[in-house]
Amino acid sequence: MASPLSNGAERPSGSLVVVRTVDEVTSETFVRITADGSVNAYNGHVDLGTGIRTALGQIVAEELDVSFARVVVVLGDTAIVPNQGATIASETIQITAVPLRKAAAQARHFLIARAAHRLELPAAELTIEDGLVRGHNRSVSYGELIGGETIRLELADDAQVKAVGNYTIVGQSMPRVDLPAKATGELTFVHDIRVPGMLHGRVVRPPYAGVDAGPFVGTSLIAVDESSVNDIPGIIAVVRIGDFVGVVAEREENAIRAAEQLKVSWKPTPTLPDLADVETALRANPSTPRTLIDKGDVDTAIAGATTHMQRTYVWPYQMHASIGPSCAVADCSDGNIRVWSGTQNPHVLRGDLALLIERPESEIDVIRLEAAGCYGRNCADDVAADALLLSRAVGRPVRVQLTREQEHAWEPKGTAQLIDVNGGLNADGGIAAYDLATRYPSNAAPTLALLLTGRISCEGAVLQMGDRTAIPPYDYDHMRVIAHDMAPIVRASWFRGVSALPNTFAHESYIDELATEAGVDPIEYRLRYLKDQRAVDLVNAVAERAGWTPRPIREEKDGDVVHGRGFAYALYVHSKFPGYGAAWSAWVADVAVNKTTGDVSVTRVVAGQDSGLMINPDGVRHQIHGNVIQSTSRALMEEVSFERGAVAAREWGAYPIIPFPDVPKIDVLLLPRPDQPPLGVGESASVPSAAAIANAIFDATGVRFREPPFTPERILRGLHGDAAATPQALPAPAAPPPSRIWQNPFAKRAGIFATIAAVCTAAVGVGAALWPGRAIAPIARPGTSVYSAATIARGELLAALGNCAECHTTIGGAINAGGRALETPFGTIFATNITPDVETGIGAWSYPAFERAMRDGLHRDGRQLYPAFPYTHFSKTSEADLQALYAYLMAQPAVRATAPANTLAFPFNLRPLLAGWNALFHQTREFKPDPAKSEQWNRGAYLVESLGHCSACHSPRNVLGAEQRDAYLAGGFAEGWEAPALTSLSHAPIPWSEDDLFAYLRTGQSRYHGVAAGPMAPIVRDLTALPDHDIRAMAIYLNSFNDAAADAPTQDALAAKLEAATQVTVAASSGARLYQGACAVCHEVGGLPLFGSRPSLALNSNLHSASPDNLVQVILHGIAEPVSSDLGYMPAFKNSMSAAQVEQLVTFLRGQFAPDKPAWTSVRETIARVRSSTH
Amino acid sequence: MTQTPIRLTVNGRIHDVTAAPETPLLYVLRNDLQLNGPKYGCGLGECGTCTVLIDGTAARSCVIPVGGCAGRDVVTLEGLGTRDKPDVVQQAFIDEQAAQCGYCLNGMIMTTKALLAINPQPTEQEALEALRYNLCRCGTHVEILRAVMRASGRLAEAGN
Ligand code: FES
Ligand code: FES
């Protein structure tokens, strides 16, 4: 079959079309054959990754007697394909393929009749092979039969289709036609559409994440501050309509930045239902009962039962969780509106878009391209509407890509469901009655932009969708089934198996419970009530294939890991009640349950299916694999988490799906039924999943689980009672505590300012009101020839050692031109311009003025400088080095720039008081070597203590912000990061060694400690200017503060031990799952090498520290600028995880990787502080 | 704003890219170089759909700024082979029909490529572990695993 995209241009010659006339002006084409012999087939459904494009091509090729390769299947372009509704409910093959098949058959009949006439032979004597009609050594092709004519046939419902026995193409496994393109990166996905002049858009969604009903929907926006994105280049527009907010930029990365940075204020969202307890929320949601069946006398039968069994089954909210967040391109630039979309219902979407922008549908063409699999619904339609609004606003084509976070939060969820079953057993072990009530808060999930812009009502519609497969497949004498229809609680829509999967979970769990109670093998028990012969055949075949032995097996089940197997069966009945059946499906699932960890693994699934005639048996088999794997994932691990009623899971750590190693072995059994009509296979095999697994867990453990997902916590709670904590409502978000710039004794204590003022005043005496120094006369900027190139080069090294540029340069600003804000506990200080600009920089500074600033902290004009400028260290620098540094700075380009005025609180804004500070804490003296120590040690000491100023961050500071002399290098705080102790006080699990210090300072990474991040990264980057022997000297000096000496083999052995002991094997908490989903890919020991380093968390100093600051910093902000790109990068999670999730993650990481350290007590406060600070 | 172009090699050709250095490589590949292979899936390094090879190692291009790729050698899905001349790994995935929607396919193929470069004949367990952090929602795992094994079998036969 040819690729649909290679067939853009229409051939000029004649053609034959089979059409259905809709009205005088509209008709729908199903098949078109052109004179060159090519065949186009049109279907209103779309390929959601299930391979229907291939299957439809097979059907057309078969009926038309052409080769499969000749057929191009065109799907989902509203301008050319028939309107056949949304691609849902496994209907494509069963329903929408029917007219296509007839159209192809009709065309064949027409052409063969024409050939008979042309060849003057009876039709019965003709044969057709790939569109060539032969008889008696003569032949004529379809193309020749059509010639230059335009033939139009009206679709005849009675067209005679082929007998199944004559099939040669249908029923054969056919390779998927789309794979070569996808495997080589050709254009196949809507994500890959590029239109000339296309811009990039992003949307900003409201805070009521994932909720689309209620009066606040579309009415919550207060204001958008467009100026907040003024600094981003190439912004074309900021668009707001109601609660719809979007940005358009020339470049995608700038649109992303703008969407993140745009200041948008929203009204607080009213209290939403608490979804931590789904059962209560669903019971509380108003509903209307609808009786689906009421047979026999249920109440009397239950009253007469000898064993009463009342059970409740709860299904969680789940996500479709498309791997590719939705994307669309819209183009309104010329009168015709075109929208490229991954929608599963192009015609419905076109209607929505027309409504949205108040234009007639005929002006809009929706072109469907493939997208990531969606298994029901994702945000494909939403993003198409977003793109259209943005394109309309800017009059150019706009591509909108939703973020992962938006797709997770806003996709219409697979809804939660609650099923109560009442019934019991008669004395003979037979079923007394079956009384089921199912609650299903579905909704239509209207296209989001319609709601956000206020185009349609935000009242959640009540749909009748809880009834799919709500009637059990068993022939119970007394049976009542009631569907309680209700409005949505969160945005929801159908998800593979719709309500049939949860309903079947109830049916198939309950009958298993009955069988256990009756003491009968569960399959045998089912067969007593199963009257449908195809079902009976399937159940028997699957039991046999799996080697089923009657349960229960009374074997000793001791030990940690117990094994069990379970059975479940379903005929998936879908579409509007009473609906019709898709394929029959039955599962035997084998599980292993670890009773200590609670871990359940599904080790093997035998999945049997009766799909009627299979168009493409390999395609059916792949669909079954997909269903088994996805539904196993849903049963074992999937549940949407909410915070204050809004969706909290916004990335894969918070909503994990099954990874490769956990996938069960799958044995597919396809029942051959070529004589039966083909049935939908896209969903059926999911339906028995959860029940089969729950039944197997029961078989293994003797404990019945009635609420998926079967997570380790839930299993442990079921096995060992309710030791685990029940979920608790989240506290209101804490007001962020003050920023922790330095180890912070500066909490606003009454009177502290006065005390400080008094202390300083006392120290300096009464003359404090005057500037402490005299002004040094300005000079003309020294010429560049005054200093030798060698001196300037040495000065450059020294500037790197002193990290001058780090503080004296703003982000993206000219080097050393000042202006960078330095936050201190006393207020904000702006670094000054140290380029040689005469007026705004230090161009007029003589060397003596410079030296005085470096040694005494005095400005050229005599003003006292604040000790944020580390002159207390710089004063130790040698005369020669200061000269070289001066020479270097003076040789740099002058930049005219005035730093903003400092904003310091009283009394710190009184510079003269600093004289008192100096008197207390500052000694002006050059470094004096210690003759008792080696030359290298002394060199290291000089570098570290003078320009290197390591202890400025790595020593604690006293209440006045001075380094504590008695706690040299004992650890401090800087810029919101902990600067850990460099002495024996270090918390690192493996003590520092000289080699580690060298490696860390040289490369930014130490195997035993981690990578440099935060403010340390630029420091190490600057140090690259220094020669190895200087770095070595620093390492020697710093290491002299370590008592514990460790050699490499000892360190290695300890590292291996720590890493082995902390491997994460079971994810038994939300924190552990966040780790596995978000962190493990780069941090788990032994993973596939990825670009960059793989820092081991077990050895990471930050995890062992007394405070969680650095861990929180790095999780929230990532590492965007490592010491070198070789180390790799870490993404920031601040926009992807909630504060509560970060807290769970940090708490888990501490417990897992630093098990011998006490739990941190201040995690929540630290997260709030770091989130609110600017660092 | 004028920016110094960043020079990198992509699929054997040298490109001078004018983009802010912090721009994730993914967007440069997709937008400036118009490549389709690497896909946006999460932007957080979690899913693997954006995988490329940088200097022969698997790399998640959504979390690597283009500035960090200066002077490096990047290979995308397009750089492996074409429809007419697919690479052995691509061919193995086609032969095994190892895609449903195919959105994860780029990551699966590129990660397999990186795996086989360091371990030409992985055991099934090693292959499963190597792909652990590549997510597939369609449940194509069985076919993908077979494709990896097929590709490694071929590589071995070829004496690689
Ligand atoms: S998009 Fe890069 S890992 Fe998901
Ligand atoms: S094939 Fe669809 S996500 Fe893997």
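This part takes up the interface of chain B and chain A. Listed by partner, the interface residues are 72 residues for chain B and 84 residues for chain A. Summing the contributions of chain B and of chain A, the shared interface buries around 6200 Å²; its carbon and sulfur component is 60%. On inspection of chain B and its partner chain A, the count reaches 6 salt bridges. When the shortest N-O distance is used, the salt bridge between Arg30 of chain B and Asp192 of chain A registers 2.9 Å. Linking chain B to chain A there are 31 residue pairs in polar contact (both at pLDDT 80 or more). Top element by residues in the side of chain B that touches chain A is helix α4 (residues 105–118) of chain B. It accounts for 6 residues. The class makeup of the residues in the side of chain B that touches chain A is 36 nonpolar, 22 polar and 14 charged.

All names here are of chain A. Within the fold, Lys413 resides in strand β20 (residues 413–414). Of the side chains with opposite charge, Glu411 comes closest to the buried, unpaired Lys413, at an N-O distance of 5.0 Å. Of the polar contacts made by the side chain of Lys413, one reaches the backbone oxygen of His408; its length is 2.9 Å. Look past the residues within four positions of Lys413 in its chain and what remains in contact with it is Tyr317, Gln318, Met319, His320, His408, Val490, Arg491, Ala492, Ser493, Val640 and Val647.

Proteins that are soluble and globular tend to have nonpolar side chains buried together. Judged by nonpolar contacts, the single largest core of 149 residues is most densely connected at Tyr1075, Ile1115 and Leu1149 of chain A together with Phe93 and Ile144 of chain B. Among the elements that line this core, the one with the most residues is helix α9 (residues 380–394) of chain A, at 8 residues. When near neighbours in sequence (up to four residues on either side) are disregarded, Phe93 of chain B contacts Leu179 of chain A together with Ala98, Leu105, Met108, Ile109, Thr112, Ile144, Ala147 and Val148 of chain B. Core analysis: the second largest hydrophobic core is formed by 84 residues, Ala543, Ala586, Val602 and Phe710 of chain A among them.

Next up on the list: the pattern of salt bridges. All names here are of chain A. On inspection of all chains with the given rule, the structure shows 73 salt bridges over all chains. Here Arg283 ties to Asp420 by a salt bridge, and the two come within 2.8 Å at their closest N and O atoms. Note that Arg283 is positioned in helix α6 (residues 278–284) and Asp420 in strand β21 (residues 417–425), a separation of 137 residues in sequence. Given a relative accessible area of 17%, Asp420 falls into the buried group.

All names here are of chain A. Examined at the domain level, chain A breaks down into domain 1 (15–177), domain 2 (190–271 + 326–401), domain 3 (278–283 + 415–723), domain 4 (788–926) and domain 5 (951–1172). Between the C-alpha centres of domain 4 and domain 5 there is a distance of 30 Å. Tallying the contact residues gives 13 residues for domain 4 and 18 residues for domain 5. Here domain 4 and domain 5 share an interface that buries about 1300 Å² over both sides, 59% of which is from carbon and sulfur atoms. For Arg820, the salt bridge identified is with Glu975, shortest N-O distance 3.1 Å. Inspection of the region where domain 4 meets domain 5 yields 4 residue pairs in polar contact (both at pLDDT 80 or more). Residue assignment for the side of domain 4 that touches domain 5 shows that the elements contributing at least two residues are α19 (789–801) and α24 (913–921). Its residues assigned to classes, the side of domain 4 that touches domain 5 comprises 7 nonpolar, 4 polar and 2 charged.

Reading the values: the criteria
Counting restarts for each chain: residues are numbered from 1 in the order of the written sequence. Just so you know, chain letters begin at A and ligand numbers begin at 1, following the order they were written in. Given that the model is predicted, a residue must reach a pLDDT of at least 70 before its local features are reported, and side-chain atom pairs must reach 80 or more before they are shown or counted; all residues, however, enter totals for whole chains, interfaces and linings. Processing note: side-chain calculations cover all non-hydrogen atoms of the structure and skip hydrogens and water entirely. What makes two residues a contact is simply this: any of their non-hydrogen atoms within 4.5 Å. By definition, the buried area sums, over both parts, the 1.4 Å-probe accessible area that each loses when the two are put together. Just to be clear on terms, a salt bridge is a Lys or Arg side-chain nitrogen sitting within 4 Å of an Asp or Glu carboxyl oxygen. Distance and chemistry together define a polar contact, namely a pair of N or O atoms within 3.5 Å, with one atom able to donate a hydrogen and the other to accept it when in protein, and with adjacent residues in sequence counting only for side-chain atoms on both sides. Only DSSP runs of H or I reaching four residues or more are called helices, and only runs of E reaching two or more are called strands; each is numbered from the N terminus. Charged means Asp, Glu, Lys or Arg here, nonpolar means Ala, Val, Leu, Ile, Met, Phe, Trp, Tyr, Cys or Pro, and polar covers whatever is left, Gly included. Relative accessibility under 20% of the residue-type maximum defines a buried residue, over 50% an exposed one, and the middle range a partly exposed one, all with a 1.4 Å probe and only protein chains included. Residues scored as charged are limited to Lys and Arg (positive) and Asp and Glu (negative), so that His and the chain ends carry no count. The criterion is simple. A nonpolar core is a set of buried Ala, Val, Leu, Ile, Met, Phe, Trp, Tyr and Cys residues joined through side-chain atoms within 4.5 Å. These domain boundaries are the output of an automatic or database domain assignment.

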